[in-house]
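Below are the chains, spelled out letter by letter.
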Amino acid sequence: MVIDLPSELIDRLRAAQRIVAFTGAGISAESGLSTFRDKQTGLWAKYRPEDLATPQAFQRNPRMVWEWYEWRRGVAAKAEPNPGHYALAQIEAAHPGFFLATQNVDGLHARAGNRNLVELHGNIRRTICFDHRHPADSWAPTDEPPPRCAHCGSLLRPDVVWFGEPLRGDALVRAQQAAAQCDLFLSIGTSTMVYPAAELPFIAGSNGATVIEINPDFTPLSKLANFVLREKAGTALPAIAAAMLD
Ligand code: APR
């Protein structure tokens, strides 16, 4: 489905020099990956992510949390980037000043071709140990999962940021600086509820950027955004890329 963008939005898109895209689970929904606020599917239907994606849940029941991530890792490995992911890769290819901050851990943006990105909440395809964050690329099979770290013997876990854990490295600072300095901010497929990531579109807006929200549903950003496209990412982003790159 091709959508018509407001002419004023097209002008802003074409004039933009420093573009930031901020994405959440919604951009991967059309790749078949369920969002966090949708009901969990299948065998995990009775759990909420908030009850599984925490250090406490892991310490209480490491096997259950490990197996939930093994299931999610398998689902993510079978998923393919969708037109929304590819549109962002096209925009980066044409705009050296483009920066992508994602909350998603599925690795689909990198697979679509984006390079100037930070994964604020980590990446489900990477595994580390619980006690010292030693990276683990492989491990001996065990009938008592999770497997253990070859260096220190502590339990292995996914390299993602759980609720209550700090974001790691300089990812957040880089994203905050990009948001503060951009002239166009695309907020895509996020409920804009989980901080500190959710502050990024507000940082951009308060620094004078044009803020565009792409989300079929209302979010706390909707009333502040300069433009709201009540569309799926896989529909809106190809139209935005076409308007920018024509
Ligand atoms: N296109 C665009 N947006 C969509 C689509 C779509 N096809 N389908 C759903 N959405 C929107 C929903 O309306 C919702 O606002 O995507 C948003 C998904 O919100 P969440 O499920 O809360 O996901 P997200 O915002 O990424 O969550 C942030 O919370 O659970 C933690 O760490 C986890 O990174 C995650 C963080």
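The structure under discussion appears in the preceding block.
Cut-off values and rules
Residues numbered from 1 in each chain as written. Predicted model: local features only at pLDDT ≥ 70, side-chain atom pairs only at ≥ 80, totals over all residues. Heavy atoms only, no water. Buried < 20%, exposed > 50% of the residue type's maximum accessible area, 1.4 Å probe, protein only. Helix = DSSP H or I, 4+ residues; strand = E, 2+ residues; numbered from the N terminus. Pairing = 2+ DSSP bridges. Near = heavy atom within 4 Å. Polar contact = N/O pair within 3.5 Å; in protein donor to acceptor, adjacent residues only side chain to side chain. Areas by Shrake-Rupley, 256 points an atom, 1.4 Å probe, with all protein chains shown as cover. Nonpolar A, V, L, I, M, F, W, Y, C, P; charged D, E, K, R; others polar. Domains from an automatic or database assignment. Disulfide = S-S within 2.5 Å. Core = buried A, V, L, I, M, F, W, Y, C linked by side-chain atoms within 4.5 Å. Contact = heavy atoms within 4.5 Å.

Enquirer: Could you clarify how one ought to interpret the pairing of strand E4 (residues 122-129) in this entry?
Expert: Within a regular beta strand, the side chains point alternately toward one face of the sheet and then the other, so they alternate between its two faces. Burial within E4 is extensive, with six of its eight residues counted as buried. Sheet topology places E4 next to strand E5 (residues 156-160); five bridges connect them, and they run antiparallel. For Thr-127, the partnering residue across the bridge sits in E5 and is Pro-158.

Enquirer: Would you mind going over the site of the ligand with me for this structure?
Expert: Around the ligand, the surrounding shell holds 20 residues, and the nearest of these are Ala-25, Phe-36, Arg-37, Thr-190 and Ser-191. Within the side chain of His-121, one N or O atom sits 2.8 Å away from an oxygen atom of the ligand. Protein burial of the ligand: of its 730 Å² of free accessible surface, 91% is covered by the chains. Taken together, the residues of the shell around the ligand break down into seven nonpolar, nine polar and four charged. Two domains each put at least three residues into the shell around the ligand: domain 1 (1-32 + 80-121 + 167-246) and domain 2 (34-78 + 124-160).

Enquirer: What is the right way to read the state of the cysteines from this model?
Expert: Working definition of a disulfide: a covalent bond connecting the sulfur atoms of two cysteines. For the structure on display, the rule yields zero disulfides. Unpaired in terms of disulfides, Cys-129 finds its nearest cysteine sulfur in Cys-152, a separation of 3.7 Å. The buried category is assigned to Cys-129, whose relative accessible area is 0%. Free cysteine: Cys-149, not disulfide-bonded; nearest cysteine sulfur from Cys-152 at 3.7 Å.

Enquirer: I tried to follow the nonpolar core on my own but got confused; where do I start?
Expert: A general trend in soluble globular proteins is that nonpolar side chains are found buried together. Counting 29 residues, the largest nonpolar core has Leu-5, Leu-13, Leu-88, Ile-188, Ile-212, Leu-237 and Ile-240 as its most contacted members. Secondary-structure elements contributing two or more residues to this core are helix H1 (7-15), strand E1 (19-23), helix H6 (83-94), strand E6 (184-188), strand E7 (210-214), strand E8 (227-229) and helix H10 (233-245). The leading source of residues in this core is H10, at eight residues. When residues no more than four places from it in sequence are discounted, the contact partners of Leu-237 are Ile-27, Gly-84, Ala-87, Leu-88, Ile-188 and Ile-214. Val-20, Val-161, Ala-204 and Ala-209 belong to the second largest nonpolar core, which has 23 residues in total.

Enquirer: Got a minute to help me understand the environment of Ala-110 in this structure?
Expert: Within the element layout of this structure, Ala-110 appears in helix H7 (residues 108-112). Classification of Ala-110 by relative accessible area gives partly exposed; the value is 32%. Along the chain, Ala-110 and His-85 lie 25 residues apart, while their C-alpha atoms are 9.0 Å from each other.

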